[in-house]
Every structure is written in C-alpha cells, then in structure tokens.
Amino acid sequence: MPAVEIKQGIHWVGAIDWDRRLFDELIPLPDGTTYNSYLIRGKDKVALVDTVDPTKEKVLLDNLCEIGAKKIDYLITHHAEQDHSGTIPKILEAYPMAKVVCTPKCKDQIKILLHVADGRIITVADSETLDLGGRTLEFIHAQWVHWPETMLTYLREDKILFPCDFLGSHLAQSSLYATNEAAVYRSAKRYYAEIMMPFRSHIVKHLERLAKYDIQMICPSHGPVYQRPSFIFDAYRDWCSDKPKREVVLAYVSMHGSTQMMAQHLVDALIRRGIAVKPFNLSRTDVGELAMELVDASTIVIGTPTVLGGAHPLAVYAAYLANALRPKTKFVSIIGSYGWGGKTIEQLAGMIGNLKVEVIEPVLIKGMPTEDDYKKIDALADAIAKKNAEAGIG
Ligand code: FEO
C-alpha cells in the first residue's frame, strides 16, 4: 500500500504483509499482518515512529521516498522485536543524522539484537517529552506489552496514541482504518489472546494510565488505525477483566474414538444445561482459535486418551498453552479413556500451576464408554454447572 496521510504532516509509511501465515514460527496468522510505521513532521524536526519487518524494508524506504522524506531526526523505537526494529540499521544508513529514541532497556536490546552503535541511540525516561516544533511527543514506558523494554508515544497536539504492539491486530486489509469493527474485533481478540493475555495484570495498569489521556486516534504497529478509540479500549477492558463467562472450552484428542464419544456426550450434556461450550478437536485445531476462546471461558476441560503411560502429546500441548497464556479460567477438568493404566491426570494437573483454578473431579474410563461412564460425564456437566453458579458466573 502506498503512503497514506492520516493528518496534515502525519503519514502512514508501513507495509502490508498479505502472505505471512506464521509469526515467531509459532503463531498462526490467518489474515496476514501489517508493520505500521508513521512519519511525523514538526516545524523543526521529523520523527519516524517504528520501522518494519526487515523483509519489507524496501517498501518502507519507497514510501518515505514517495512522500519526500529527505530527513529524519528521530527514529522512535517503541520495542526491540525485529518486526518493528529490524529495519533500524537500514534507516540509520539511509538517514545519517537520525538518532534512535527508546527506553534504556530497549537500548540494551537493540544493541545486542541489531548491533546498533551506542552513539546513534538516545534514551528517554518515562513521561519525557520531545519537541518537534509545534508537535510534542510524550513517551510512556509500558513494560510487558509484551516485552520488558516497551514504550508508547502520545502525540499531544493531535491527541494520537502510538501504542506499538499494544491494542493491535494481525490483519492485512486495503483500508488503513478499523471501519469494519466486527472483523477487527476478532483479529484484535485473537492477537490479545496470543500475545497480551499472559501479561493481563500489566495490561490492566496500562489501560488505567491511558484512561487519563485525551486520545482521539490510535495508531498501532499492527493492523488498522482506530478512529474510535473507545471500541478497542472497551474490548480490552472486557478481555482483561477478572470476570470469566459461563463458557466451557473442551480441548480434546481421540485415537480410537472413545475419548471422542465422551467429548460428544459432554458437549450435549452441557448444552442441555444451558452452558455454552466450544469443542476443539486438537488434531485439527488452529491454536489461535483455541487461545481466543480461552480469553473468556470460566472452565477448561481437556480430553485425552492415555498413550505411552500419559496424556496424548496434543493434549499436553493444550495444557502447556493454557498454562502459558494464563487466562482467567476458574475451573479445569479432564476426561479420557485408557487401556491398562497410566498417569494422565497427574501429568496434566501438574502442568497448569500458573492457573488459579479448582480442579473438578476428572472422568477417566477404561476402554469405550458404557452407560455408567456416560452417567459420570453427566455428573461432570452437573458439577460444572454447580461450580459456575456458586461462583456467580452467569
Ligand atoms: Fe510486533 Fe512484539 O512485535
């Protein structure tokens, strides 16, 4: 996409990555992503806010050329991760007078990750400002969104927040703006689940601090620009709240059908009790979808056969993922089938130490489920309903 003028003297000069399907060799990106970079011109100085992934450095340089950016004084570097910082060396080469502006921790990171020379870096304190001439950048240190060195920038006169990864979304689209809020909501929620949720307590504090600012536009480093900031702030406040919804995520895998039969019975039993349930067959699941459902769910049930004396590796991965993402889940249980023994329950229960959850009595059965086994599944559904009711989760 060519450069876009957001306001007089402020341009988006980033890159769209329509084809990227995996981030950090880990996170699926069904809708691609963008690396947003912004050029801000004051009367005296010019600042570039973040760069782009190094695979797109030519796009950034072409966009800067297109809008006649002959000088850059400051390269505002919010975050050292390479999808934003990776083109810093190229920008410093193309603009020899430019200085990187970042937090002290970020300085350490870009020196070790990108070998940026010490003399090309200026560090700024929390709340420090930088005058571009009629335009003032205020820097807001914001640790753990999602690295420890991150900062955000508030452009005072224009009331624009540049929050880097925070509040963003992995969504490639031809419009710069978040006009289709339903589509952006799903992408932003998925992004929150995969990247921000483990840092929920920090995110809550950053949201509280930002509530004191008059913000009329949000220009994140991934995904569309928000012209209605309350849309994404309200969504984040909901996702970050301590109140889960009465929803069950059932993440299961089945080798020969017995665990599948149990999972299907549990789904029906929960639906009969008016409890929302989202089953994920782990042999086919997009883990991003699973992560997104974990944002709100009060209850996680893991379904697994016993294989080589323990849980199936896909169930182990689901437990690991839930533990790493630290959702606000309150209850966990396990269902599954075994042939001759094993340590499935002990193994999975031992993997979720980060979660502040109560374990509801698991249902592990021998072989294919019998009528008695189905009654145990019904009892599990009753217990899930009762626990949620007692916790006031509606
Ligand atoms: Fe978009 Fe943490 O980098």
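Remember, predicted model here, so these are calculated numbers, not experimental data.

## Some points on the overall build of the protein chain
The number of helices and strands found in the protein chain is twelve helices and 24 strands. Viewed in the frame of its principal axes, the protein chain has a C-alpha envelope of about 80 × 40 × 35 Å. Contacts in the protein chain between residues at least 24 apart in sequence constitute 73% of all its contacts with a sequence separation of at least 6. Carbon and sulfur atoms make up 53% of the accessible area of the protein chain, which amounts to about 16400 Å² in all.

## Digging into unusual backbone geometry
Going from Val145 to His146, the amide bond is cis rather than trans, its omega being 10°. Looking at where His146 falls in the secondary structure, it is placed in the loop between strand S13 (136-141) and strand S14 (151-155). Of note in the backbone geometry, Arg326 takes a positive phi value of approximately 50° without being a glycine. Structurally, Arg326 is set in the loop between helix H10 (313-325) and strand S22 (331-338). Judged by its relative accessible area of 40%, Arg326 falls in the partly exposed class.

## A few points about the domain arrangement of the protein chain
Often, the extent of an interface is quoted as the loss of accessible area on bringing the components together. Assigned domains of the protein chain: these are domain 1 (4-240) and domain 2 (248-387). Relative placement of domain 1 and domain 2: their C-alpha centres are 39 Å apart. Taken residue by residue, the interface counts 14 residues in domain 1 and 15 residues in domain 2. At the junction of domain 1 with domain 2, the criterion picks out four salt bridges. Across the pair Glu289 and Arg190 runs a salt bridge, and its minimum N-O distance is 3.4 Å. At the boundary of domain 1 with domain 2, the tally comes to six residue pairs in polar contact (both at pLDDT 80 or more). If you tally residues by element for the side of domain 1 that touches domain 2, the top one is helix H5 (residues 181-196), at six residues. Split into classes, the residues belonging to the side of domain 1 that touches domain 2 amount to eight nonpolar, no polar and six charged.

## As for helix H1 (residues 57-66)
Within H1, the full set of buried residues consists of Leu60, Asn63 and Leu64. Buried residues of H1, viewed axially, fall in a sector of 100°; they line one side. Facing away from the buried side of H1 by more than 90 degrees, the exposed set consists of Lys58, Cys65 and Glu66. Here the buried face of H1 lies against strand S2 (10-12), strand S7 (38-41), strand S8 (46-49) and helix H3 (88-94). Immediately beyond the C-terminal end of H1, within one or two residues, lies Gly68, with a positive phi of roughly 70°.

## Considerations on the pairing of S13
For S13, the tally of buried residues reaches five of six residues, placing the bulk of the element in the interior. With three bridges connecting them, strand S12 (residues 129-131) and S13 associate as antiparallel partners. Within S13, the position partnered with Thr129 by the bridge is Glu138.

## Brief notes about the sheet that holds S8
Read from one edge to the other, the open sheet built from seven strands follows the order S1-S2-S7-S8-S9-S10-S11, with strand pairing classed as mixed. The open sheet has two edge strands, strand S1 (4-7) and strand S11 (121-123), and neither has a second partner. Shown here is a sheet whose adjacent strand axes are inclined to one another by a mean of 25°, direction ignored. Where strand S9 (residues 74-76) meets strand S10 (residues 99-102), three bridges bridge the pair, whose relative direction is parallel. Residue pairing in the sheet places Tyr74 in a bridge with Lys99 of S10.

## Considerations on helix H6 (residues 200-210)
Looking only at H6, the buried set comprises Arg200, Ile203, His206, Leu207 and Leu210. In an axial view of H6, the angular spread of the buried residues amounts to 115°, which keeps them on one side of the axis. When the buried face of H6 is taken as reference, the exposed residues oriented beyond 90 degrees from it are Ser201, Lys205 and Glu208. Buried residues along H6 sit against S13, S14, strand S15 (160-162), H5 and helix H7 (229-240).

## Concerning the packing of aromatic side chains
Under the counting rule described, the total for this entry stands at nine aromatic pairs. Here Phe166 and Tyr236 contribute two aromatic rings whose centre-to-centre distance is 5.5 Å and whose plane-to-plane angle is 90°, an arrangement assigned as edge-to-face. Of the two residues, Phe166 is situated in the loop between S15 and H5 and Tyr236 in helix H7; the sequence distance between them amounts to 70 residues. Just as Phe166 is buried, Tyr236 falls in that class too. Ring centres of Tyr226 and Phe231 lie 6.0 Å apart, and the angle between their planes is 45°; on these two criteria the pair is classed as tilted. Like Phe231, Tyr226 is buried. One aromatic cluster in this structure is built from Phe166, Tyr185, Tyr192, Tyr236 and Trp239.

How each quantity is defined
Residues numbered from 1 in each chain as written. Predicted model: local features only at pLDDT ≥ 70, side-chain atom pairs only at ≥ 80, totals over all residues. Heavy atoms only, no water. Helix = DSSP H or I, 4+ residues; strand = E, 2+ residues; numbered from the N terminus. Contact = heavy atoms within 4.5 Å. Areas by Shrake-Rupley, 256 points an atom, 1.4 Å probe, with all protein chains shown as cover. Buried < 20%, exposed > 50% of the residue type's maximum accessible area, 1.4 Å probe, protein only. Domains from an automatic or database assignment. Salt bridge = Lys/Arg side-chain N within 4 Å of Asp/Glu carboxyl O. Polar contact = N/O pair within 3.5 Å; in protein donor to acceptor, adjacent residues only side chain to side chain. Nonpolar A, V, L, I, M, F, W, Y, C, P; charged D, E, K, R; others polar. Arc of directions from axis to C-beta. Pairing = 2+ DSSP bridges. Axes fitted to C-alpha atoms, helices over the stretch in contact; angles between N-to-C directions. Phe/Tyr/Trp six-rings, centres within 6.5 Å; stacked < 30°, edge-to-face > 60°.

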